[in-house]
Amino acid sequence: MGDRVYTKEEEDLEIQSLRRIISAYLNYPDAAEKDVRRYERSFKKLPPPHKALLSHLPLKFQRIRWCISMNTSFIMNMLQAFEPPFDMIEDIEPDHVHTTENTHEHSHSDISPIGERRNISISLGDSSDFPNKSHKLEAPSLDKEETHAECSLRSTMHRCAVQNCDDKLCNGDEKASCDWKCHASMFSVSLVDVDKVRCIIRNIVRDWAQEGQRERDECYKPILEEINRLFPDRTRGRPPSCLVPGAGLGRLALEISSLGFVSQGNEFSYYMMICSSFILNNTREANEWTIYPWIHSNCNSLSTDDQLRPVSFPDIHPASAGITEGFSMCGGDFVEVYNDRSQEGSWDAVVTCFFLDTAHNIVEYIEIIAKILKVGGVWINLGPLLYHFADSYGEDEMSIELSLEDVKKVAFYYGFELEVEKMIETTYTANTRSMMQTRYTAAYWTMKKKNHGSKAVHTDK
Ligand code: SAH
């Protein structure tokens, strides 16, 4: 793995995709401000007696604006720390304006940018296997001085984001590192991408806030307890290895690492990778950041204070979490990165949480999981089967939507044996105080790879 040389065309696609994602992040305050203006317009249309009755609402709108600025401040800090894996300043040309309005409520997996089709190169940790630039998870240097370039980048990005990039700010003496981020704000942003940024904010709560503890207890705790039970001798000798495909913001992979595994998260969304990299590598202390994750919807809210409540994160200091050496996050498409000879039989455990249904072809995912596990290795899965591509009707888009029964049949075919099976009630990035909660009855299993599968001929009844 890792020897593949990418064509210029592939790299260009990757750069375009990354620019689009940076643009979406930079566009966050503008998009949020548009919503507030919409609330204000509606308020203005009220008949005077109704307006009088609701005279406190303008103050709420102002408070939302303040919350938006706080969220923006976090986003800008995160972008400032991000080092793109490419030369981003080549051939900067803004897109055509997207008019796509096809934003939709979708599944837990609906945050994956379309443009990411291959192994991308961000990794946290010592992953020499990958052709990637690696960002080690290490205690950040607290006394790092802010350079001039960083300073100007921050202010420029703020101004660009707000003013849709006044070219005067970007030309001339500004450093190259500023330019591509600054120019990224010229790229138009679809509502789908606006939505993805908001999804990331909710994911922060799931993985890194105290408020997400209940969800983590429902989803991650059973997995952690199981992996702990299955590898009792791990402190002695070489620690077992565990792969977490679709690792999201990295909390589960980090917890597995802290338990004493050589843990690797794999994630193909730049939205996720930029954010997890920031939290894992740049956090100086627990609860360093405060965001307002729930401001973007007025629906199903119990009170203004509920809707505007602050959420601090990360609830732990990642660099002090007692991780095991070798913890890494590998950017790239699971199929492309791990369907590689060098990966065969190399993992003691694979953990998938809310991941399986992100597949175009779930059979391929299962086949690869079977291939990369050692004989005797374990696969722990938790999640629903809300197939991510089920309602995309593109001619070339495939989506194989199997029932749980069929998923298990496929797993048995590839040499797995069921050890534990149950259903777990849980939510995904839920606002705990909302009047509407989407609950999943997620399938949970532990399977063991008994053999290489080809010999495992199952006569299905
Ligand atoms: N496991 C995390 C995230 C689940 S959402 C959690 O429980 O919170 C599914 C994740 O899988 C998303 O972050 C998505 O970007 C990622 N993903 C989807 N398809 C992928 C692929 N082919 N390769 C790697 N990651 C993928």
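About the cut-offs
Every residue gets a number counted from 1 within its own chain, in the order that chain's sequence is written. Only residues with pLDDT of at least 70 get local features here, since the model is predicted, and only at 80 or more are side-chain atom pairs given and counted; chain-wide, interface and lining totals rely on the full set of residues. Values reported for side chains reflect all heavy atoms of the structure, with hydrogen atoms and water molecules removed beforehand. UniProt positions are given in the numbering used here, feature names are shortened, and annotations may be inferred rather than shown by experiment. Segments assigned H or I by DSSP are reported as helices when at least four residues long, segments assigned E as strands when at least two residues long, and all are numbered from the N terminus. Under the convention used throughout, the expected extent of a helix is 1.5 Å for every residue step, that is, one less than its residue count. Accessibility here uses a 1.4 Å probe with only protein chains present; expressed as a share of the type maximum, an area under 20% marks a residue as buried, one over 50% as exposed, and anything in between as partly exposed. Here a polar contact is recorded for every N or O atom pair within 3.5 Å, except that within protein the pair must consist of a potential hydrogen donor and a potential acceptor, and residues adjacent in sequence are included only if both atoms are side-chain atoms. Definition used in this section: a nonpolar core is a set of buried Ala, Val, Leu, Ile, Met, Phe, Trp, Tyr and Cys residues joined via side-chain atoms within 4.5 Å. Between two residues, a contact is recorded if the distance between any of their heavy atoms is within 4.5 Å. Bending is quantified residue by residue as the angle between axes fitted to the seven-residue window ending at that residue and the seven-residue window starting at it. Residues are labelled near a given molecule or strand when at least one of their non-hydrogen atoms is within 4 Å of it. The protein chains shown are the only cover counted for residues, whose accessible areas, like all others here, come from Shrake-Rupley with a 1.4 Å probe. In the scheme used here, Gly and all other residues not listed as nonpolar or charged are polar, with Ala, Val, Leu, Ile, Met, Phe, Trp, Tyr, Cys and Pro taken as nonpolar and Asp, Glu, Lys and Arg as charged. Throughout, an axis means a line fitted to C-alpha atoms (over the contacting stretch in the case of helices), and angles, computed between N-to-C directions, take values from 0 to 180 degrees. Angles below 35 degrees are treated as roughly parallel, those above 145 as roughly antiparallel, those between 65 and 115 as roughly perpendicular, and all remaining angles as oblique. The salt bridge definition used is simple: a Lys or Arg side-chain nitrogen within 4 Å of an Asp or Glu carboxyl oxygen. Grid points spaced at 1 Å and placed over the protein atoms alone form the basis of the search, with a cavity being a set where a 1.4 Å probe fits but cannot get out and a pocket an open set showing protein on both sides within 12 Å along at least five of seven lines. Lining residues have an atom within 4 Å of a point. Grid points are joined across faces, edges and corners, and a volume is the space filled by probe spheres set on the points.

The chain is annotated in an unreviewed UniProt entry as carnosine N-methyltransferase from Rhynchospora breviuscula. Annotation of the chain in UniProt includes, under Sequence similarities (unreviewed entry), the sentence "Belongs to the carnosine N-methyltransferase family."

K.L.:
Describe helix α11 (residues 270-282), listing the residues and the values that go with them.
P.N.:
Residues lying three or four places apart along an α-helix face the same way, a consequence of the helix completing one turn every 3.6 residues. Between its first and last C-alpha, α11 extends 17 Å over 13 residues, near the 18 Å set by a 1.5 Å rise per residue. With 12 of 13 residues buried, α11 lies mostly within the body of the structure. Two or three places before Tyr 271, at the start of α11, stands the capping residue Ser 269, its side-chain oxygen 3.2 Å from that residue's backbone nitrogen.

K.L.:
For the nonpolar core, give the residues involved together with the corresponding values.
P.N.:
If you look at the biggest cluster of nonpolar residues, it comprises 82 residues, and the most contacted ones within it are Tyr 25 and Phe 74. At 10 residues, the largest contribution of residues to this core is made by helix α4 (residues 57-81). Those residues in contact with Tyr 25, other than ones at most four positions away along the chain, are Ile 75, Met 78, Leu 79, Val 197, Ile 200, Tyr 271, Ile 274 and Cys 275. Counting 30 residues, the second-largest nonpolar core is a separate cluster that includes Val 410, Ala 411, Phe 416 and Met 447.

K.L.:
Could you give me a rundown of helix α9 (residues 213-230), with the residues and numbers involved?
P.N.:
A rise of 1.5 Å per residue sets the reference length of α9, with its 18 residues, at 26 Å; its end C-alpha atoms lie 24 Å apart and thus fit the reference within 8%. The sharpest bend along α9 reaches about 45° and sits at Tyr 220, with the proline Pro 222 one to four residues further on. Taken residue by residue, α9 has Glu 215, Arg 216, Glu 218, Cys 219, Tyr 220, Pro 222, Ile 223, Leu 224, Glu 226, Ile 227 and Leu 230 as its buried positions.

K.L.:
Can you explain the site of the ligand? Please cite residues and give values.
P.N.:
In the vicinity of the ligand there are 21 residues, among which Arg 206, Gly 246, Glu 267, Asp 333 and Phe 334 approach most closely. Asp 333 is positioned such that a nitrogen or oxygen atom in its side chain is 2.9 Å from a nitrogen atom of the ligand. Between the ligand and Phe 334 there is a distance of 2.8 Å, counted from a nitrogen atom to a backbone nitrogen or oxygen. Summarising the interface, the protein chains cover 98% of the accessible area of the ligand, which totals 570 Å² for the free molecule. In the shell around the ligand, the residues fall into 10 nonpolar, 8 polar and 3 charged.

K.L.:
Give a detailed account of the packing of helix α2 (residues 28-44) against helix α8 (residues 191-208), specifying residues and quantitative values.
P.N.:
In helix packing, the relevant descriptors are the interaxial angle and the interaxial distance, both defined with respect to the helix axes. Where α2 contacts α8, the axes come no closer than 10 Å and their chain directions differ by 100°. With respect to their mutual orientation, α2 and α8 come out roughly perpendicular. Residues Tyr 28, Ala 31, Ala 32 and Asp 35 of α2 pack against Val 194, Val 197, Arg 198 and Ile 201 of α8. Residues of the contact of α2 with α8, tallied by class, amount to 6 nonpolar, no polar and 2 charged.

K.L.:
Please set out the pattern of salt bridges residue by residue, giving values where relevant.
P.N.:
Evaluated as defined, the whole model comprises 24 salt bridges. Between Arg 198 and Asp 35 there is a salt bridge; the shortest N-O distance is 3.0 Å. Of this pair, Arg 198 sits in helix α8 while Asp 35 is found in helix α2, placing the two residues 163 residues apart along the sequence. Residue Asp 35 is classed as buried on the basis of its relative accessible area, which comes to 16%. Its salt-bridge partner being Asp 305, residue Arg 63 comes within 3.3 Å of it at the nearest N-O pair. Placement of the pair is Arg 63 in helix α4 and Asp 305 in helix α12 (residues 304-307), with a sequence separation of 242 residues. If you follow the salt bridges from partner to partner, you end up with Glu 33, Arg 37, Glu 40 and Arg 65 in one network.

K.L.:
Kindly report on the environment of Thr 429, identifying the contributing residues and their values.
P.N.:
Of note, Thr 429 is situated in the loop between β10 (416-426) and β11 (440-449). Sequence spacing of Thr 429 and Cys 199 is 230 residues, and the spatial spacing of their C-alpha atoms is 8.3 Å. What Thr 429 contacts, discounting residues up to four positions off in sequence, is Arg 202, Asn 203, Arg 206, Glu 215 and Trp 294.

K.L.:
Break down empty space enclosed by the protein for me, with residues and values.
P.N.:
Enumeration according to the criterion identifies 2 cavities of 30 Å³ or more in this entry. In this structure, the largest cavity is lined by Val 205, Arg 206, Glu 211, Gly 212, Arg 214, Glu 215, Thr 427, Thr 429, Ala 430 and Thr 432. For the lining of the largest cavity, the elements supplying multiple residues, two or more each, are α8 and α9. For the lining of the largest cavity, the per-class residue count stands at 2 nonpolar, 4 polar and 4 charged. Roughly 30 Å³ of internal volume is contained in the second largest cavity. Surrounding the second largest cavity, Ala 32, Asp 35, Val 36, Tyr 39, Ile 64, Ile 68, Ile 295 and His 296 form its lining. At the level of secondary structure, the elements contributing two or more residues to the lining of the second largest cavity comprise α2 and α4. It is α2 that contributes the most residues to the lining of the second largest cavity, 4 residues altogether.

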